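Here is what each chain is made of, one letter per residue.
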Amino acid sequence: MEKIFVKQMKVKEVEQAYEDYVNWCDDVVASIEFNVNGSSFFLSIYQKDNMPGFYLSEEDIFDRLLHVRQFPELMKYRILYFAGFKVDWYENIYPAIYRLIDTQYAKLIRLICYMARENIKDVEDMIKHNKKKFIDDIEIPTTDIEEQFFEGKLAW
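Visitor: What is the right way to read the environment of Tyr-77 from this model?
Guide: As for its position among the elements, Tyr-77 is in the loop between helix H1 (62-65) and strand E5 (78-79). Separated by 35 residues in sequence, Tyr-77 and Ile-112 have C-alpha atoms that sit 16 Å apart. A polar contact of 2.4 Å, which involves the side chain of Tyr-77, links it to the side chain of Glu-59.

Below is the structure:
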């Protein structure tokens with residue numbers, strides 16, 4: 001059985017620069033370096049205007065995702081499917097996660113979504129307490145989107 005080991009997690013709000021001023025927005029980049037079957041991968045998310053964009057790579061692209069417009073070559077890492085999960089919109093992700101909630105990959109997707117959705121300080125605190133653990137050993141709090149899913153209100 002595959003066991004996913006989370007080696008490192010990162011999160012940062014994206015600073016958007018427009019002409020003469022800098023605008024802080026809800027855009028976030030998060031990344032999880034994980035190991036499975038002896039190989040390391042990076043699952044990253046760039047959430048823009050509350051819409052997720054997922055990336056899978058063998059190299060750390062976190063810093064480049066923070067300036068994604070300057071690195072169009074990052075699109076080669078953009079994914080719509082991950083481990084059998086359609087990862088295009090939150091409304092598709094959460095029903096799939098909860099159909100397969102006991103799988104390691106569902107937990108990994110749930111973790112990256114939490115990192116992109118929740119208050120940055122809460123996420124940073126969670127990261128501090130969950131360094132270098134197996135995915136099954138990380139307690140993932142419920143996100144706002146999950147609450148909407150449970151209430152049957154997850155629709156765009």
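Visitor: Please clarify how the environment of Asp-27 should be interpreted in this entry.
Guide: Among the structural elements, Asp-27 can be located in strand E2 (residues 21-36). Through-space distance from the C-alpha of Asp-27 to that of Asn-50 is 7.4 Å; in sequence the pair is 23 residues apart. Within the local environment of Asp-27, its side chain forms a polar contact with the side chain of Lys-48, the two groups lying 3.3 Å apart.

Visitor: Looking at this structure, I do not really get helix H4 (residues 120-129). What am I missing?
Guide: The α-helix advances 3.6 residues per turn, and as a result positions three or four apart in sequence lie on the same side. Along H4, the residues classified as buried are Ile-120, Val-123, Met-126 and Ile-127. Mapping the buried residues of H4 onto a view down its axis gives an arc of 120°, with all of them on the same face. Exposed residues lying more than 90 degrees from the buried face of H4 are Lys-121, Lys-128 and His-129.

Visitor: Help me understand the pattern of salt bridges in this model?
Guide: Opposite charge on two side chains lets them pair, provided their charged atoms get close. Applying the stated rule across the entire model yields ten salt bridges. With a shortest N-O distance of 3.5 Å, Lys-7 and Glu-33 are connected by a salt bridge. Linking Lys-7 in strand E1 (residues 5-18) with Glu-33 in strand E2, this pair joins segments that are 26 residues apart in sequence. Accessibility expressed as a relative area gives 31% for Lys-7, which makes it partly exposed. The class for Glu-33 is buried, based on a relative accessible area of 15%.

Visitor: Would you mind going over the packing of helix H2 (residues 90-99) against helix H3 (residues 104-117) with me for this structure?
Guide: The relative placement of two packed helices is expressed as an angle between their axes plus a distance between the axes. Contact geometry for H2 and H3: axes closest at 9 Å, N-to-C directions at 140°. In terms of orientation, H2 lies oblique with respect to H3. Both H2 and H3 take part in a crossing whose hand is left-handed. Across the interface between the two elements, Tyr-90, Ile-93, Tyr-94, Ile-97 and Tyr-98 from H2 touch Ala-106, Ile-109, Arg-110, Cys-113, Ala-116 and Arg-117 from H3.

Parameters at a glance
Residues numbered from 1 in each chain as written. Predicted model: local features only at pLDDT ≥ 70, side-chain atom pairs only at ≥ 80, totals over all residues. Heavy atoms only, no water. Helix = DSSP H or I, 4+ residues; strand = E, 2+ residues; numbered from the N terminus. Polar contact = N/O pair within 3.5 Å; in protein donor to acceptor, adjacent residues only side chain to side chain. Buried < 20%, exposed > 50% of the residue type's maximum accessible area, 1.4 Å probe, protein only. Arc of directions from axis to C-beta. Salt bridge = Lys/Arg side-chain N within 4 Å of Asp/Glu carboxyl O. Axes fitted to C-alpha atoms, helices over the stretch in contact; angles between N-to-C directions. Parallel < 35°, antiparallel > 145°, perpendicular 65-115°, else oblique. Left-handed = near helix turned anticlockwise from the far one by under 90°. Contact = heavy atoms within 4.5 Å.

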